[in-house]
Amino acid sequence: MVFENKMLTHGDPEDEEDAPAEEEEEEEEEEDMVDPLETIRAKCEETEHCVHYKERLETCEARVASRSHTTEECTEELFDFLHARDHCVAHKLFHNVK
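I will try to describe carefully the structure that is included in this document. (Residues numbered from 1 in each chain as written. Predicted model: local features only at pLDDT ≥ 70, side-chain atom pairs only at ≥ 80, totals over all residues. Heavy atoms only, no water.)

1. Overview of the overall build of the protein chain
Check the secondary structure of the protein chain and you find five helices and zero strands. Listed by position from the N terminus, the elements making up the protein chain come as α-α-α-α-α. The 98 residues of the protein chain split such that 14% are buried. Restricting to contacts in the protein chain with at least 6 residues of sequence separation, those with at least 24 account for 59%. By element, 52% of the accessible surface of the protein chain is carried by carbon and sulfur atoms, the whole surface being about 8,500 Å². (Helix = DSSP H or I, 4+ residues; strand = E, 2+ residues; numbered from the N terminus. Buried < 20%, exposed > 50% of the residue type's maximum accessible area, 1.4 Å probe, protein only. Contact = heavy atoms within 4.5 Å. Areas by Shrake-Rupley, 256 points an atom, 1.4 Å probe, with all protein chains shown as cover.)

2. A word on the pattern of salt bridges
According to the stated counting rule, one finds seven salt bridges in the structure shown. With its nearest N and O atoms 3.7 Å apart, the salt bridge here joins E45 to K54. Exposure remark for E45: the relative accessible area of 22% places this residue in the partly exposed category. Here R67 and E72 are joined by a salt bridge, their closest N and O atoms 3.3 Å apart. (Salt bridge = Lys/Arg side-chain N within 4 Å of Asp/Glu carboxyl O.)

3. Focus: the environment of K92
With respect to the helices and strands, the residue K92 is situated in helix α5 (residues 75-93). Spatially, the C-alpha atoms of K92 and C44 are 9.2 Å apart, while their sequence positions differ by 48 residues. In contact with K92, other than residues within four places in its own chain, are I40 and C44.

4. Description of the environment of N96
Tracing the chain through its elements places N96 in the segment after α5. You can call N96 partly exposed: its relative accessible area is 49%. Along the primary structure N96 and I40 are separated by 56 residues, whereas in three dimensions their C-alpha atoms are 9.7 Å apart.

Here is the structure:
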């Protein structure tokens, strides 16, 4: 009766030995996989068109961060940058998808 109680509260000892090995295998598989969207986004952010919008966004963020009381937000600059990046990604992404 005591042994059964231990098994219920502590689990089966055989399961404990297998669990870490399975987790390690899953982590290795996840590390090998690379999202093509992230790779293409990084490449597109380096294009001349996107760099221009990224500089405008960073300038705006620096301006807003330097002020203590401001209502200014960089929403327009952010949307312009994301639009330019996504436009570039849209032309390249589906060539990599099967």
